[in-house]
Every structure is written in structure tokens, then in C-alpha cells.
Amino acid sequence: MKPLHIHTPLWESAPIKKRTKQTVFLKMECFQPAGSFKSRGISCLCQEYVNLGKTHLVSSSGGNAGYAAAYAGRLLGVKVTVFVPRTTQQLFIDRIKSQGAEVVIYGNDLDEAAIKAKEFLAEVDGGYVSPYDHSAIWRGNSTIMDEVVYEMNKPDAVVVAVGGGGLACGMLEGMHRYGWQDVPLYGVETAGAASFAATVRAGKLVSLPKIDTIATSLGVKMITKKLFEWTKVGEVVPITVSDADAVNAVRYFLDDHYVLVEPSCGAALAAVYNQVPELADKKSILLIVCGGIGINWELLNQYLKLFE
Ligand SMILES: *Cc1c(COP(=O)(O)O)cnc(C)c1O
């Protein structure tokens, strides 16, 4: 089956080199048709369900995963229902609906929306599209490496944003496939959604009591067990940045590359722009610009005012 994602550009950033003196390769996943890297993993899972004969896909997501499922479902010609919590921004709801999916608003957080989604799933005999927790999602996300490996040399570090850990797991799978297993992977979160950092600190899977960040795509209380397992295989290290850092990085990136991304992606950019200690001695870095549809002119202004 033809993949539903595209081969994205890899840019060696001259503006960032000027700022940090490092060679930073930007994998521009923001240019995926559904606005983020989720086009890779989510559509891989959706295709798997359709191959199994499912005619209805059910997602629970406050954002890009629901949008990617809606996009994939439209192209595959199946019904899509996305359960979103009450806290979801109208922007996301409107954009998911614009892909032809049905949106059901339910519950106070993602966990509550997910429970309802699974009840509904049983009624329609559908396929459940997790935002980050499925081997088909990791396999789909790992296709980033299939492209990158022919376009650059092995870097000193790979940097990704971490929500539930689906992107990180995909990258690690791909890195192992191509002999990059000795390259450390840094997973960046905002302080109000630092479930990966908490898990590494505790040495076991930890569920955060609450989420408090504007980087809503990172707002997952507990990472996938698979990412925790990867931390035992190689150097897989959490980095935490503030919401303000993430928003400022969105602005720097817009100035540097004329591309607007959401704050969740800004978190990963912030680790590089702020030259966090973990990355300070790295000469070359591969940074996944994960993208995201959760941003527009109005929201950007709102966020900038918030952190002025
Ligand atoms: C989903 C998402 C993330 C987090 O990815 P995980 O696979 O959940 O770790 C980060 N940024 C954006 C824009 C996303 O859509």
C-alpha cells in the first residue's frame, strides 16, 4: 500500500549554526500533509486496520493524532470518530472536522476521553488508533530514519519532543536498524508534562498527577512502556524546558526559517536554541521538527503575551 506520508526535507540550518556554532540538521516533519510526523505512524496503523477489514477508526486525542487519523481515514475511505476532552482547543476541533471526521467531546482529560472511545469502539467494531502506543505507530515513525540515513552522516545526538513517546520509539527503532544505536537520543518535555523525566528518575513507569503546559501535544501522564524499555538499551535521556522557552523557540524558528510550529515542537527546538548542558558539547545534531497543527497567528500572539 502506498504510504500516506511524504519524504520531508532535511535542512542543515545556517541560522542556528550562527547562533550556537553547532551543525544542526532539521528534519522538517512540519511539512507532512497532516501537519506533523504523526502522518507516518498513525497512518501506518490506520492502513493496518483497513487491511484487516475495519471500516471505522476510533481515536482519542486532543490534537495532532486525531487530525492524522482523520486525514488517513479520509484517504482510505473509512469513517473516523475522534473523542476529545472538554479542554481541547476549538482550533483542533475545527481542523479535525475539516478532514471529515466526527468529533465527540467527552471527559475532563485524555484518559476519560480514551475510556469513552474504547466503549464506542466495541459498538462499531472499529480499530482503535492510539496516539503513540502501538508497534505499527513506531514502525511508521521509524521511516524518518529511512530517509535521513542517506542524507547526512551519523550525528552526535538526536533530539525529539516527547509526549507519550511514540516518536522517540520510532526514531530508536530506525536508529538501531541503521547502526546508529551508539547515538544518544534526547527526549524533550516541558516542565508541566515531564512524564519521561519522572519515569527515568524513579526507575519505573510513573504517572503524573496532572498536566500543566501550553505544549498540549506533550500532555501525556504516562509514557509508553516501550520508551522506558529503550532507556535500558542505550543512551536515551530526558531534557526538561519551560513553557516560556518553548514559545520563544517557536518565535526564533519562525524568524530563522519562516516556518510556524506549535509549542510542543518548540520544546525540542528550545533545547537547541537554549544550548542546554546535555547538548552543549555536541558538534552535530539531528533535530526532528515535529510540527503540529495547534498554532495560528492568534494563539502565537496569546502565548507571546503570556510570557512577555
Ligand atoms: C504527538 C506530538 C508530540 C509528541 O509525540 P509522542 O509520540 O506522543 O511522544 C510532539 N509534538 C507534536 C507536534 C505532536 O503532534
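Residues numbered from 1 in each chain as written. Predicted model: local features only at pLDDT ≥ 70, side-chain atom pairs only at ≥ 80, totals over all residues. Heavy atoms only, no water.

A.B. asks: How should the overall build of the protein chain be read in this particular structure?
C.D. replies: Counting its secondary structure elements, the protein chain contains 13 helices and 10 strands. The C-alpha atoms of the protein chain give a radius of gyration of 18 Å, which matches the 19 Å a tight globule of 308 residues would have. Along the three orthogonal principal directions, the C-alpha set of the protein chain runs to about 55 × 45 × 40 Å. Looking at the protein chain as a whole, 59% of its 308 residues qualify as buried. Here the protein chain displays about 12700 Å² of accessible surface, and carbon together with sulfur accounts for 52% of that area. (Helix = DSSP H or I, 4+ residues; strand = E, 2+ residues; numbered from the N terminus. Rg over C-alpha atoms; globule rule 2.2 N^0.38 Å. Buried < 20%, exposed > 50% of the residue type's maximum accessible area, 1.4 Å probe, protein only. Areas by Shrake-Rupley, 256 points an atom, 1.4 Å probe, with all protein chains shown as cover.)

A.B. asks: For this particular structure, what's the right way to read unusual backbone geometry?
C.D. replies: Of all residues except glycine, most have a negative phi; of all peptide bonds, most are trans. We note that Lys21 has phi near 65°; this positive angle belongs to a residue other than glycine. Taking the relative accessible area as the measure of exposure, Lys21 reaches 64% and is therefore exposed.

A.B. asks: Can you help me understand the layout of surface pockets in this one?
C.D. replies: Left-over empty space is what a probe sized like a water molecule reveals as it rolls over the atoms. Taken as a whole, the second largest pocket holds about 170 Å³ of empty space. If you go around the second largest pocket, you meet 14 residues; those closest to its centre are Met1, Pro3, His5, Cys44 and Gln47. Those elements that place two or more of their residues in the lining of the second largest pocket are helix H2 (38–51) and helix H6 (135–141). Considering every element that reaches the lining of the second largest pocket, the biggest residue donor is H2, with 7 residues. Along the lines of polarity and charge, the residues of the lining of the second largest pocket split into 4 nonpolar, 7 polar and 3 charged. (1 Å grid on protein atoms, 1.4 Å probe; cavity = no way out; pocket = protein on both sides within 12 Å on 5 of 7 lines; lining within 4 Å. Points joined across faces, edges and corners; volume = space filled by probe spheres on them. Nonpolar A, V, L, I, M, F, W, Y, C, P; charged D, E, K, R; others polar.)

A.B. asks: Which parts of the structure should I look at to understand the domain arrangement of the protein chain?
C.D. replies: When the parts of a complex come together, some accessible area is lost, and that lost area is often used as the size of the interface. What the domain assignment reports for the protein chain is domain 1 (10–37 + 135–306) and domain 2 (38–129). Using only C-alpha atoms to locate each centre, domain 1 and domain 2 end up separated by 23 Å. Each partner contributes residues to the interface: domain 1 has 27 residues there, and domain 2 has 19 residues. Regarding the contact of domain 1 and domain 2, the summed buried area is about 2000 Å², with carbon and sulfur atoms giving 54% of it. The tally of links between domain 1 and domain 2 comes to 5 salt bridges. (Domains from an automatic or database assignment. Contact = heavy atoms within 4.5 Å. Buried area = accessible area lost by both parts, 1.4 Å probe. Salt bridge = Lys/Arg side-chain N within 4 Å of Asp/Glu carboxyl O.)

A.B. asks: Looking at this structure, I do not really get helix H8 (residues 166–177). What am I missing?
C.D. replies: One turn of the α-helix equals 3.6 residues, which is why residues spaced by three or four share an orientation. Under the 1.5 Å per step criterion, the end-to-end length of H8 is 17 Å for 12 residues, consistent within 8% with the ideal 16 Å. Burial analysis of H8 places 9 of its 12 residues in the buried class, which makes it a mostly covered element. Within the span of H8, buried status applies to Gly166, Leu167, Ala168, Cys169, Gly170, Met171, Leu172, Gly174 and Met175. (Expected span 1.5 Å × (residues − 1).)

A.B. asks: I'm lost on empty space enclosed by the protein in this one. Help?
C.D. replies: Per the stated rule, a full pass over the model turns up 1 cavity of 30 Å³ or more. Within this model, the largest cavity holds a volume of roughly 40 Å³. If you trace the largest cavity, you find it lined by Gln89, Phe92, Ile214, Ala215, Thr216, Glu262, Pro263, Ser264, Gly294 and Tyr303. Across the lining of the largest cavity, the residue classes tally to 5 nonpolar, 4 polar and 1 charged.

A.B. asks: Would you mind going over the state of the cysteines with me for this structure?
C.D. replies: Here a disulfide denotes a covalent bond joining the sulfur atom of one cysteine to the sulfur atom of another. Scanning the entire structure with this criterion turns up 0 disulfides. This cysteine, Cys30, is not joined by any disulfide, and Cys265 carries the nearest cysteine sulfur, 6.6 Å off. Cys44 supplies the cysteine sulfur nearest to Cys46, a cysteine that is in no disulfide, at a spacing of 9.3 Å. (Disulfide = S-S within 2.5 Å.)

A.B. asks: Just to check I follow, could you spell out the confidence of the model for the protein chain for this structure?
C.D. replies: When pLDDT drops low, the exact placement of atoms in the prediction is not to be read closely. In the predicted model, the protein chain carries a mean pLDDT of 96, and the fraction of residues at 70 or more is 100%. The least confident element of the protein chain, judged by mean pLDDT, is helix H5 (residues 110–124) at 92; the most confident is strand S7 (residues 157–161) at 99. (pLDDT = per-residue confidence, 0-100.)

A.B. asks: Honestly, the packing of aromatic side chains in this entry has me stumped. Any pointers?
C.D. replies: Each aromatic ring pair is characterised by the separation of its centres together with the angle its planes make. Counted under the stated rule, the structure contains 4 aromatic pairs. Aromatic pair Phe83 and Phe120: ring centres 5.4 Å apart, planes at 55°, arrangement tilted. Of this pair, Phe83 sits in strand S4 (residues 79–84) while Phe120 sits in helix H5, placing them 37 residues apart in sequence. Note on accessibility: Phe83 and Phe120 belong to one class, buried. Here Tyr150 and Tyr178 contribute two aromatic rings whose centre-to-centre distance is 6.5 Å and whose plane-to-plane angle is 75°, an arrangement assigned as edge-to-face. Taken as a pair, Tyr150 in the loop between helix H7 (143–148) and S7 and Tyr178 in the loop between H8 and strand S8 (185–190) lie far apart in primary sequence, 28 residues in all. Relative accessible area serves as the criterion here: at 28%, Tyr178 is assigned to the partly exposed category. Sitting above the plane of the Tyr252 ring, Arg19 keeps its charged end 4.7 Å from the centroid. (Phe/Tyr/Trp six-rings, centres within 6.5 Å; stacked < 30°, edge-to-face > 60°. Lys NZ or Arg CZ within 6 Å of the ring centre and 35° of its normal.)

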